[in-house]
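Breakdown of the fold
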Amino acid sequence: MNSGHQHRVFGRRAQEHILILASGDKVRHMTVRPWMAALAFCFVGVFSIGYLLATSYLVLRDDLIGATMARQARMQHDYEDRIAALRAQVDRITSRQLLDQQVVEDKVDKLMAQQMALTSRHGKLDNLLDRAESSGLTEKDGAPTPSSPVQSYAPDVKDKRASLSGSGIEAIEKQLASGAPADATPDNSTLAYVPATDTVGDRADRIFSKVTLSLKDVEQDQRGRVEQLTSDAGNAANAIETVLTRFKIPMPETAARKDDDDAVGGPYVEPESNDGFNNSLAALDGALTRLEAVRSTAESLPFRNPAIGKDVTSPFGNRRDPFLGRLALHSGIDFRFSPGERIRPTAPGKVISAGWTGGYGNMVEIDHGNGISTRYGHMSEVLVKVGDTVDRDDVIGLAGSTGRSTGTHLHYEVRQDGHAVDPVYFMNAGLKLATYIK
């Protein structure tokens, strides 16, 4: 009844599965529970999956290993390629550095050669400029002398000496100092990928080009100024020669050239350099030599006034003799002087007569060369003797009234080849030469 009641209330009870194991006389049984069945099923499922995975691994293992090895080989090849690229870049940079070093050394050698040439040129220019200054063409600061003829100078002579004697090394240093130093190599982290930047060789090329152009500009400016000085010297020499020719004074350069050709010789050797600048220096040297010769000749002749600011009491030429009252030739010019006033010669020379000389009274005669002499008469006292060499600043005597004289004065006389000539001609020529001679 209870069993029937249970079936009616809870329904039919599920039958249990019993597993019977017999071994000989022993019989065992085990009730199979649902959870046991589920556990066994899971175990079998896990085992099957593991088996399938193991089988798949064993089947595909060779492919996986090959793929891994291939990937490793590709990585190794990429790494080796990278290393090779880095080495190639390093080799290129090293080679470029060596090449740049050689280029820089070559440029430095050229710059040193140019510096030596500029130093040599500086010495030649200094000598020529000193001669130009002594000839009255320029002053120490490059400006023309106050007595220089305005028409013979270019308007840009200021700082001529500085620009001419400059060696150009300042321009080189200025160019070398400009700009920051370039890196020889790029950053190591991007060595194989960064494009090449400006190298030392590139900068050296640019700087050398700038320095070369700067030196050419300096040389061109120097050449122009040297040519201007050459023209100035030639113009001054021509002006002096024109005056000397008027007085039939032989040109000193002609005589010097003739004398030089009489005793010269030696083997022929090619000139040191035949460039335009050295030729212009040679031309300036020749012009200065010619100017110095004619200027020295002009300065040795009596072109100056012996009594600046003094009154002329009697000119050169025919006049009524103050003692005889009849016409007579006055062979000089009389200047009014105070008693005892100092008398100086109008040009350097050698004393050929000093003392009492007839109507001249106390007289001094000075030989200036080229057949020209000057006489200074009526002096109260003679302060030189025959054979003395005097200069323009030397005092040769004191003014007086000795000889045929009516009062204290200076009788000044100029003689050419023994004949008296009007001193006014020489003094007027001296006014024209005042801008060229001291």
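Along each chain, residues carry numbers from 1 onward, in the same order as the chain's sequence is written. Totals for whole chains, interfaces and linings use every residue, but because this is a predicted model, local features are given only for residues with pLDDT of at least 70 and side-chain atom pairs only at 80 or more, for both listing and counting. Values shown for side chains rest on all heavy atoms present in the structure; no hydrogens or waters enter the calculation.

Side note on the overall build of the protein
In plain terms, the rule: Note on conventions: DSSP H or I runs of at least 4 residues are helices, E runs of at least 2 residues are strands, and numbering of each starts at the N terminus. Summary of the burial criterion: residues with accessible area below 20% of their type's maximum are buried, those above 50% are exposed, and those between are partly exposed, where the area comes from a 1.4 Å probe applied to protein chains only. The contact definition used throughout considers only heavy atoms, calling two residues in contact when any of these lie within 4.5 Å. Using a 1.4 Å probe, accessible areas were evaluated by the Shrake-Rupley method; residue-level cover was limited to the displayed protein chains.
Per the secondary structure count, the protein includes 8 helices and 14 strands. In the protein, which comprises 438 residues, the share counted as buried stands at 32%. The long-range fraction of contacts in the protein, counting pairs at least 24 apart against all pairs at least 6 apart in sequence, stands at 67%. Of the roughly 27500 Å² of accessible surface on the protein, a fraction of 56% belongs to carbon and sulfur atoms.

A look at the packing of aromatic side chains
Stated precisely, the cut-off is as follows: Only the six-membered ring of Trp is used, alongside the rings of Phe and Tyr, when aromatic pairs are assigned; centres must lie within 6.5 Å, and planes under 30 degrees apart are stacked while those over 60 apart are edge-to-face, with the rest tilted. Two conditions define a charge sitting above a ring: the NZ of Lys or the CZ of Arg must be within 6 Å of the ring centre, and it must be within 35 degrees of the ring normal.
Counted under the stated rule, the structure contains 4 aromatic pairs. Residues Tyr376 and Tyr412 carry aromatic rings whose centres are separated by 5.5 Å and whose planes lie at 45° to one another, so their mutual orientation is tilted. In this pair, Tyr376 is assigned in strand E10 (residues 372-382) and Tyr412 in strand E13 (residues 409-416), connecting sequence segments 36 residues apart. The buried category is assigned to Tyr376, whose relative accessible area is 0%. An aromatic cluster is built from Phe247, Phe303 and Phe426, whose rings are joined through pairwise contacts. When the ring centre of Phe337 is taken as reference, the NZ or CZ atom of Lys310 above it lies at 5.1 Å.

A closer look at the pairing of E10
Using the following cut-off: We call two strands paired when DSSP finds no fewer than two bridges between them.
The buried fraction of E10 amounts to 8 of the 11 residues, a majority that puts the element mostly inside the structure. Relative to E10, strand E9 (residues 362-369) is paired through 6 bridges, and the arrangement is antiparallel. Across the sheet, the residue bridging to Gly369 is Ile372, located in E10. The antiparallel hairpin formed by E9 and E10 contains 2 residues in its connecting segment, where Asn370 sits at a positive phi of about 55°. Across 6 bridges, the pairing between E10 and E13 is antiparallel. Bridge pairing links Arg375 to Glu413 in E13.

Section: the pairing of strand E4 (residues 317-320)
For E4 and strand E5 (residues 327-330), the ladder comprises 4 bridges, and the chain directions are antiparallel. Residue pairing in the sheet places Arg320 in a bridge with Leu327 of E5. Between E4 and E5, which pair antiparallel and follow one another directly, the connecting turn spans 6 residues, one of which, Gly325, has a positive phi of 75°.

What about the nonpolar core?
In plain terms, the rule: The definition of a nonpolar core used throughout is a set of buried Ala, Val, Leu, Ile, Met, Phe, Trp, Tyr and Cys residues joined through side-chain atoms within 4.5 Å.
Judged by nonpolar contacts, the single largest core of 50 residues is most densely connected at Ile240, Leu244, Leu291, Phe303, Ile343, Ile396 and Leu433. Of all elements in the fold, only helix H2 (34-134), helix H5 (200-246), helix H7 (276-299), strand E6 (333-336), E9, E10, E13 and helix H8 (423-433) reach the threshold of two or more residues within this core. For Leu433, the residues in contact, after removing those within four places along its chain, are Ala239, Ile240, Val243, Ala298 and Phe303. Ranked by size, the runner-up nonpolar core spans 6 residues in total, among them Leu111, Ile207, Val211 and Leu215.

As for the pattern of salt bridges
Rules: Any Lys or Arg side-chain nitrogen found within 4 Å of a carboxyl oxygen on Asp or Glu counts as a salt bridge.
Summed over the entire model, instances satisfying the criterion amount to 9 salt bridges. Of the charged contacts in the structure, one is a salt bridge between Arg295 and Glu299, with a shortest N-O distance of 3.4 Å. One end of the pair is Arg295 and the other is Glu299, both in helix H7 and 4 residues apart, which spans about a single turn. Residue Arg295 is classed as buried on the basis of its relative accessible area of 9%. The network of salt bridges with shared partners includes Glu365, Arg375, Glu413 and Arg415.

Describing the side chain of His409
Just so we agree on the cut-off: In the analysis that follows, any N or O atom pair within 3.5 Å is treated as a polar contact, provided that within protein one partner can donate a hydrogen and the other can accept it, and provided that, for residues neighboring in sequence, both atoms belong to side chains.
When you line up the elements, His409 lands in strand E13. In this structure the side chain of His409 is engaged in a polar contact, spanning 3.3 Å, whose partner is the side chain of Ser405. With sequence-adjacent residues up to four places away left out, His409 is seen in contact with Asp334, Phe335, Arg336, Phe337, Gly377, His378 and Gly400.

Brief notes about the environment of Tyr436
Turning to its location among the elements, Tyr436 is positioned in the segment after H8. In sequence terms Tyr436 and Arg295 are 141 residues apart; their C-alpha atoms lie 7.4 Å from each other.

Describing the confidence of the model for the protein
Our working rule: What pLDDT conveys is the predictor's confidence in a given residue, as a value from 0 to 100.
The pLDDT averaged across the protein works out to 78; a share of 78% of its residues lies at or above 70. A low-confidence stretch, residues 140-163 stays under pLDDT 50, and its non-local contacts, those more than four residues away or across chains, total 49 contacts.

A short note on H8
So the rule is basically this: Of all possible arcs, the one meant is that of the directions from the helix axis to the C-beta atoms.
Pro423, Phe426, Met427, Ala429, Gly430 and Leu433 are the residues of H8 that are buried. The buried residues of H8 all sit within an arc of 160° when viewed along its axis, so they share a single face. Turned more than 90 degrees from where H8 packs its buried face, Tyr425 and Leu431 sit exposed. Backbone nitrogen of Val424 and a side-chain oxygen of the N-cap are separated by 3.1 Å at the start of H8; the cap is Asp422.

Some remarks on the packing of H2 against H7
When two helices pack together, their arrangement is given by the angle between the helix axes and by the axis-to-axis distance. Here is the rule we go by: Axis definition: a line fitted to C-alpha atoms, over the contacting stretch in the case of helices. Angles run 0 to 180 degrees between N-to-C directions. Any angle that is under 35 degrees is reported as roughly parallel, and any over 145 degrees as roughly antiparallel; angles of 65 to 115 degrees are reported as roughly perpendicular and all others as oblique. By convention the crossing between two helices is left-handed if the near helix lies anticlockwise of the far one by an angle smaller than a right angle, and right-handed if it lies clockwise. Amino acids outside the nonpolar list (Ala, Val, Leu, Ile, Met, Phe, Trp, Tyr, Cys, Pro) and the charged list (Asp, Glu, Lys, Arg) are all regarded as polar, and Gly is one of them.
Two elements in contact, H2 and H7, have axes separated by 10 Å at closest approach and are oriented at 25°. The pairing of H2 with H7 is recorded here as roughly parallel in orientation. Helix-helix and strand crossings are classified by hand; for H2 and H7 the assignment is left-handed. Only Phe277, Asn278, Leu281, Leu284, Asp285, Leu288, Thr289, Glu292 and Arg295 of H7 make contact with H2, whose side of the interface consists of Arg121, Lys124, Leu125, Leu128, Arg131, Ala132 and Ser134. Looking at the contact of H2 with H7 residue by residue, the class counts come to 7 nonpolar, 3 polar and 6 charged.

What about a nonpolar patch on the surface?
For the record, the criterion: Like-charged residues are merged into a patch within 9 Å and nonpolar side chains (Val, Leu, Ile, Met, Phe, Trp, Tyr) within 5 Å, provided each residue has over 30% relative accessible area and no salt bridge.
A surface patch of nonpolar side chains, about 650 Å² in accessible area, is lined by Leu19, Leu21, Met30, Val32, Trp35, Met36 and Leu39. Among the secondary structure elements, those contributing two or more residues to the nonpolar patch are strand E1 (17-23), strand E2 (26-32) and H2. At 3 residues, the largest contribution of residues to the nonpolar patch is made by H2. Its place among the elements puts Trp35 in helix H2.

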